[in-house]
Amino acid sequence: MPNPAKLIFMCGKMAAGKSTLAAELAERESAVLLVQDELLERLFPGEITDIPGFVKYSSRLMAAIAPVIAALLAKGVSVVLDFPGNTTAQRAWFRQLFEGANAQHELHFVDAPDALCKRQLKHRSRHLAPDTAWTTDAEFEAITAYFQPPSTDEGFNVIYYKRA
């Protein structure tokens, strides 16, 4: 019998609204919400200043937290991961988690145009220092260069949100 727990994860460009959606889904599903940005900032404050640093530290976090997620799912506790599922490799990690726990899954894809994401990025960054990482159009472009929308051949249960 399949596990009733569900792994819910996100896909969408930077500042598309994934974190807001993740919080709403966690509340609606009475699920545990794990937020990558918050965990990384607590574990590695000020150490992530570029994309290679993000990859390094997020990989460490994913390796450390995977057994915790697996244990929650195995106990029937649903989990919402506010971690990026923006490449096929990132989404493969989510697959390992839900398949390993024989749990259900949902991939929530927030499809937003670059112009909207950049406006939202400026809005959410307005009170931060000008040199704060991950707040500029150039950083948005650098990160978005890696973005791969989910394809049907990946076989995920995709819930699609089109933002205009």
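Since the structure is predicted, the reported quantities are computational estimates derived from the model, not experimental observations. (Residues numbered from 1 in each chain as written. Predicted model: local features only at pLDDT ≥ 70, side-chain atom pairs only at ≥ 80, totals over all residues. Heavy atoms only, no water.)

1. Quick notes on the nonpolar core
In step 1: Counting residues in hydrophobic clusters, the biggest one holds 28 residues, and the most contacted among them are Leu7, Phe9, Ile69, Leu73, Leu81, Phe83 and Trp93.
In step 2: At the level of secondary structure, the elements contributing two or more residues to this core comprise strand S1 (3-12), helix H3 (51-74), strand S3 (79-84), helix H4 (88-100) and strand S4 (103-111).
In step 3: For this core, the leading source of residues is H3, giving seven residues.
In step 4: In contact with tryptophan 93, other than residues within four places in its own chain, are Met62, Ile65, Ala66, Ile69, Leu81 and Phe83.
In step 5: In terms of nonpolar packing, the next biggest core, distinct from the first, is built from 17 residues, Met10, Ala15, Ala22 and Cys117 among them. (Core = buried A, V, L, I, M, F, W, Y, C linked by side-chain atoms within 4.5 Å. Buried < 20%, exposed > 50% of the residue type's maximum accessible area, 1.4 Å probe, protein only. Helix = DSSP H or I, 4+ residues; strand = E, 2+ residues; numbered from the N terminus. Contact = heavy atoms within 4.5 Å.)

2. Brief notes about H4
In step 1: The first and last C-alpha atoms of H4 sit 18 Å apart over 13 residues, in line with the 18 Å expected at 1.5 Å per residue.
In step 2: Restricting attention to buried positions, one finds in H4 the residues Arg91, Trp93, Phe94, Leu97 and Phe98. Down the axis, H4 shows its buried residues gathered within 145° of arc, on one side only. Facing away from the buried surface of H4 by more than 90 degrees, the exposed residues are Ala89, Gln96 and Gly100. (Expected span 1.5 Å × (residues − 1). Arc of directions from axis to C-beta.)

3. A word on the pattern of salt bridges
In step 1: Within the structure shown, the criterion is met by nine salt bridges.
In step 2: In this structure, lysine 6 and glutamate 106 form a salt bridge, with 3.0 Å as the shortest nitrogen-oxygen distance. Of this pair, lysine 6 sits in strand S1 while glutamate 106 sits in strand S4, and the two are 100 residues apart along the sequence. Of the two residues, lysine 6 and glutamate 106, both sit in the buried class.
In step 3: The salt bridge involving glutamate 99 is made with arginine 95; its shortest N-O contact spans 3.1 Å. Here glutamate 99 pairs with arginine 95, and both are found in helix H4, just four residues apart, close to one helical turn. (Salt bridge = Lys/Arg side-chain N within 4 Å of Asp/Glu carboxyl O.)

4. Some remarks on the packing of H3 against H4
The relative placement of two packed helices comes down to the angle between their axes together with the axis-to-axis distance.
In step 1: One way to put it is that H3 packs onto H4 with a least axis distance of 9 Å and a crossing angle of 35°. Crossing handedness for the pair H3 and H4: right-handed. Where H3 abuts H4, its residues Met62, Ile65, Ala66, Ile69 and Leu73 lie against Trp93, Leu97 and Phe98.
In step 2: Broken down by class, the residue content of the contact of H3 with H4 amounts to eight nonpolar, no polar and no charged. (Axes fitted to C-alpha atoms, helices over the stretch in contact; angles between N-to-C directions. Left-handed = near helix turned anticlockwise from the far one by under 90°. Nonpolar A, V, L, I, M, F, W, Y, C, P; charged D, E, K, R; others polar.)

5. Overview of the packing of aromatic side chains
In step 1: A complete count under the given rule lists nine aromatic pairs for this structure.
In step 2: Aromatic side chains phenylalanine 9 and phenylalanine 94 sit 4.4 Å apart centroid to centroid with 10° between the ring planes, which places their arrangement in the stacked category. Taken together, the positions of phenylalanine 9 in strand S1 and phenylalanine 94 in helix H4 put the pair 85 residues apart, joining distant regions of the chain. Of the two residues, phenylalanine 9 and phenylalanine 94, both sit in the buried class.
In step 3: A centroid spacing of 5.4 Å and a plane angle of 65° characterise the contact between phenylalanine 109 and tyrosine 160, whose relative ring orientation is edge-to-face. Of this pair, phenylalanine 109 sits in strand S4 while tyrosine 160 sits in strand S5 (residues 158-162), placing them 51 residues apart in sequence. (Phe/Tyr/Trp six-rings, centres within 6.5 Å; stacked < 30°, edge-to-face > 60°.)

6. A short note on the environment of phenylalanine 140
In step 1: Mapping phenylalanine 140 onto the fold places it in helix H6 (residues 137-144).
In step 2: Classification of phenylalanine 140 as buried rests on a relative accessible area of 0%.
In step 3: Setting aside its immediate chain neighbours within four residues, phenylalanine 140 contacts Lys13, Met14, Asp114, Cys117, Lys118 and Leu121.

7. Some remarks on unusual backbone geometry
In step 1: Even without being a glycine, serine 30 presents a positive backbone phi close to 50°.
In step 2: Counting through the fold element by element, serine 30 comes out in the loop between helix H1 (18-29) and strand S2 (32-35).
In step 3: Take serine 30: its relative accessible area is 66%, and that puts it in the exposed class.
In step 4: Phi at asparagine 102 takes a positive value of approximately 50°, unusual for a residue other than glycine.
In step 5: By the secondary structure assignment, asparagine 102 is in the loop between H4 and S4.

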